[in-house]
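Residues per chain are reported as follows:
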Amino acid sequence: MDINKKWFAWFNVLILLVLFSPKVVQADATDWGEALSFLREKFPSAYVHVGDVVETNGNRVVFKLKTGTTGIPARGSELMATCHEPDIPVYLQKESGIIKVISVFEDKVLAQGVKSLGGRVEKGDFVVMPASPTVYLQTNIRDRESFLPYQKLLQGLIDEQLEVVEIRDSSLSGNSGSYGVLLRLDAGDEYLALKLQSLYSGNTFYSGSVPLGANVALLKQPGSKVKGDISPKHRGPASAPEPPAQMKEEYFPLEGEYKRFVFADMDADGRQELVLLNNKGIFGFKAVDGNYRAWDSFLFKNADLLAIHLHCGDMDLDGKDELLVTLAEKTEHMGKKDHALRSMILTYGNGTFAPLDDRLPFYLRTIEGRDGKEVFIGQASGKHDPYAGPVFQIRYDTMEKKVVRDQLYKPAAEVYSLYQFNLDPFDGDHLLVLEPNNDLSGYHAAAEEIGAISPRNYGAYEEISYPVKLRKEDYSQGGFKGIGWKTVFAPRRFELKREYDHQVFLINKERTSNFTSTVFTKILGKSSAKDQILGIKWQGKKLVETWASEEIERDIIDFCFAGDSIHVLARNTNGDCYISTIDALNSF
């Protein structure tokens, strides 16, 4: 009987230990295969010679691609320059420095030096893809030796025959000799976030997250969080310049109304400026001490200009972004209101904004091609319709010093509007089209057949309006007053981002936010509807919503990407705009 009592007592103790002991994340939920595959594909086992330096100026480098080079480096790619000692193979050359690609044009690439490795990059130096980097593994998990996902990641790196150095913090200078990368495994409340970063430029090469089964003890103080990634799985190589400094409150109020915005590196300082557009002009802000300070502006001389769209990209291949500003001038003839396109492309030089061309009679857009490169496109305006004719490429003619219309952009051969489509990066025949009725369709371009339909309607985007004259007058119900024009609305931003897991992004517009409804909202009170940013993919025979931002009870006007965040231009109930950063933790 006493033996039974003792056994029962020990059994109870055992049950309590099981119930109240800390949980451990199951290793099979974190096999890290995707991350290890990315490392394997990005960094070859030996240097790959991709080009030779042909010109240098300060920390700027131009190299010519080697004949037969495949996998042309995208903007933002990080490469290594090595010496060019004669009769010595590439793999035995001494490292000169780390360079980052700024622009790619034909067979030449413009890059910027980000780190010296004991020598200067000179004409004739080899440019190579870094190989088998030293991986500096860092985590905010206190007991990493007993944390199974960490140990599994460590073993996976070793199995890949990589040199691994475990560190306690990420304060490395990159002076360790051989090329290295920082691999961070951070724990949040309900997830593990994995991020691969450059030690030299700070660029993020890869990031992803997996669910965390239970809380773990962290090195950081309670309350500090690791930001989750926007993608439910991973992001590919980063292609953007260095992101702007984060706002202290992640909220930047603006006085008055703005139509569009972008983040662009206008002065080639390696940092992106915030650029806003309204009917008065372009307004630039720089990040200073965690806030944005007014930097420079460009005011339109014509008071009748209407802001329609804003994009950016390095169009003249000088290492700086240009602004593609789509504008319409209000016109009227015999009571029929209309518009004439007066678009412009602005660059920044000698301390001021200046137009490369300021009377372009077409709509402008920058898109991302299936190869990850920027493509600049345009489309003319119709006589009675907003858009007419095919979509064509545009380029800056350095000899003529002007923007010229180039060849037709064949992937958009059958679309109505240049703002209406995106490419499916996985299939050259697939085209995603945002229909005029606000449904999203997946088209087989060659057959002009619908292959997939969105799970819902994405709401009327009625934020930016301009007039278009009618073929013949419409009459009011009384039959006394003729109406010779109609109001059309500029389309929402619709963007493919390959580095964000190859998703396309758009605004889901639940709020009715055209001018009339805004007036009634001020009188009757605010709407309870919410707007949202969505990420979408074409998977099988379906268009699947793969990511969603938090919903906000404000009118979302525009959005753009900078660094690891989506930034949103929204309007409050007073009609003033603000910039905010969307929390990217809510993913499908």
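Residues numbered from 1 in each chain as written. Predicted model: local features only at pLDDT ≥ 70, side-chain atom pairs only at ≥ 80, totals over all residues. Heavy atoms only, no water.

## Quick look at the overall build of the chain
So, point 1. A count of helical and extended segments in the chain gives four helices and 38 strands.
So, point 2. A burial count over the chain gives 51% of its 588 residues as buried.
So, point 3. Counted over contacts in the chain with a minimum sequence separation of 6, partners at least 24 positions apart contribute 58%.
So, point 4. Counting only carbon and sulfur atoms, one obtains 51% of the accessible surface of the chain, whose full area is about 28,500 Å². (Helix = DSSP H or I, 4+ residues; strand = E, 2+ residues; numbered from the N terminus. Buried < 20%, exposed > 50% of the residue type's maximum accessible area, 1.4 Å probe, protein only. Contact = heavy atoms within 4.5 Å. Areas by Shrake-Rupley, 256 points an atom, 1.4 Å probe, with all protein chains shown as cover.)

## Comments concerning the state of the cysteines
So, point 1. Considering all chains together, one arrives at zero disulfides under this definition.
So, point 2. Left without a disulfide partner, Cys 560 is nearest to the cysteine sulfur of Cys 312, which lies 8.1 Å away.
So, point 3. When its relative accessible area of 6% is taken as the criterion, Cys 560 is described as buried. (Disulfide = S-S within 2.5 Å.)

## Some points on the sheet that holds strand S15 (residues 281–288)
Adjacent strands of a sheet form backbone hydrogen bonds with each other and so pair up, either parallel or antiparallel.
So, point 1. Reading across from one edge, S13-S14-S15-S16 is the order of the four strands in this open sheet, with antiparallel pairing throughout. Two strands in the sheet have a free side with no partner beyond their single neighbour: strand S13 (260–264) and strand S16 (291–299). Averaged over all pairs of adjacent strands, the angle between strand axes in this sheet comes to 25°, irrespective of strand direction. (Pairing = 2+ DSSP bridges. Axes fitted to C-alpha atoms, helices over the stretch in contact; angles between N-to-C directions.)

## Re the sheet that holds strand S36 (residues 555–562)
So, point 1. Read across the sheet, four strands follow the order S12-S38-S37-S36 without closing on themselves; strand pairing throughout is antiparallel. Edge positions in the sheet fall to strand S12 (251–253) and S36, since each has one partner strand and no second. On average, each strand axis in the sheet is tilted by 20° relative to the strand beside it, whichever way the strands run.
So, point 2. The pairing of strand S37 (residues 565–571) with strand S38 (residues 577–582) spans six bridges and is antiparallel. Across the sheet, residue Val 568 finds its bridge partner in S38, namely Ser 580.

## Some details on the pairing of strand S7 (residues 134–139)
So, point 1. Among the six residues of S7, six are classified as buried, and the element is accordingly described as predominantly covered.
So, point 2. One ladder, built from six bridges, connects S7 with strand S9 (residues 180–187); its direction is parallel. Bridging across to S9, Leu 137 finds its partner in Leu 183.
So, point 3. Bridge count between S7 and strand S8 (residues 164–167): four bridges; the pairing is parallel. Paired with Gln 138 across the two strands is Ile 167, which belongs to S8.
So, point 4. The handedness of the S7 to S8 crossover, carried by helix H3 (residues 148–159), is right-handed. (Right-handed = clockwise from strand over helix to strand, strands pointing away.)

## As for the side chain of Thr 347
So, point 1. Checked against the element boundaries, Thr 347 lands in strand S20 (residues 343–349).
So, point 2. Classification of Thr 347 as buried rests on a relative accessible area of 12%.
So, point 3. Leaving out residues up to four positions away in the same chain, Thr 347 has contacts with Met 266, Asp 316, Asp 318, Lys 320, Glu 322, Thr 352, Phe 353, Ala 354 and Leu 356.

## Some points on the nonpolar core
So, point 1. By size, the foremost hydrophobic cluster in this structure holds 55 residues, and its most contacted members are Leu 274, Leu 276, Tyr 409, Phe 421, Tyr 466, Ile 533 and Leu 569.
So, point 2. No other element matches S36, which puts six residues into this core.
So, point 3. Residues within four places of Ile 533 in sequence aside, it is in contact with Phe 505, Leu 506, Ile 507, Trp 547, Ala 548, Ser 549, Ile 556, Phe 559, Ile 566, Val 568 and Ile 582.
So, point 4. By size, the runner-up hydrophobic cluster in this structure holds 38 residues, among which are Leu 117, Val 135, Tyr 200 and Tyr 206. (Core = buried A, V, L, I, M, F, W, Y, C linked by side-chain atoms within 4.5 Å.)

## A short note on helix H2 (residues 33–42)
So, point 1. Considered for burial, the residues of H2 that qualify are Ala 35, Leu 36, Phe 38, Leu 39 and Lys 42. The buried side chains of H2 occupy one side of the element, clustering within an arc of 155° when seen end-on.
So, point 2. Contact partners of the buried residues in H2: strand S6 (126–129), H3, strand S10 (191–198) and strand S11 (204–211). (Arc of directions from axis to C-beta.)

## Thoughts on unusual backbone geometry
So, point 1. At Asn 438, a residue that is not glycine, the phi angle is positive and equals roughly 75°.
So, point 2. By secondary structure assignment, the location of Asn 438 is in the loop between strand S27 (430–434) and strand S28 (440–444).
So, point 3. Relative accessible area serves as the criterion here: at 15%, Asn 438 is assigned to the buried category.
So, point 4. Phi angles above zero are rare outside glycine, and Glu 448 is one such case at about 55°.
So, point 5. Relative to the assigned elements, Glu 448 resides in the loop between S28 and strand S29 (449–453).
So, point 6. Residue classification places Glu 448 among the exposed positions, given a relative accessible area of 51%.

## Quick look at the pattern of salt bridges
So, point 1. In the structure shown here, the tally under the stated rule is 25 salt bridges.
So, point 2. Across the pair Arg 498 and Glu 368 runs a salt bridge, and its minimum N-O distance is 3.6 Å. On the criterion of sequence distance, the pair formed by Arg 498 in the loop between strand S32 (494–497) and strand S33 (503–508) and Glu 368 in strand S22 (residues 362–368) is long-range, its members being 130 residues apart.
So, point 3. For Glu 463, the salt bridge identified is with Lys 509, shortest N-O distance 3.0 Å. (Salt bridge = Lys/Arg side-chain N within 4 Å of Asp/Glu carboxyl O.)

Any link to function would need more than the numbers given here.
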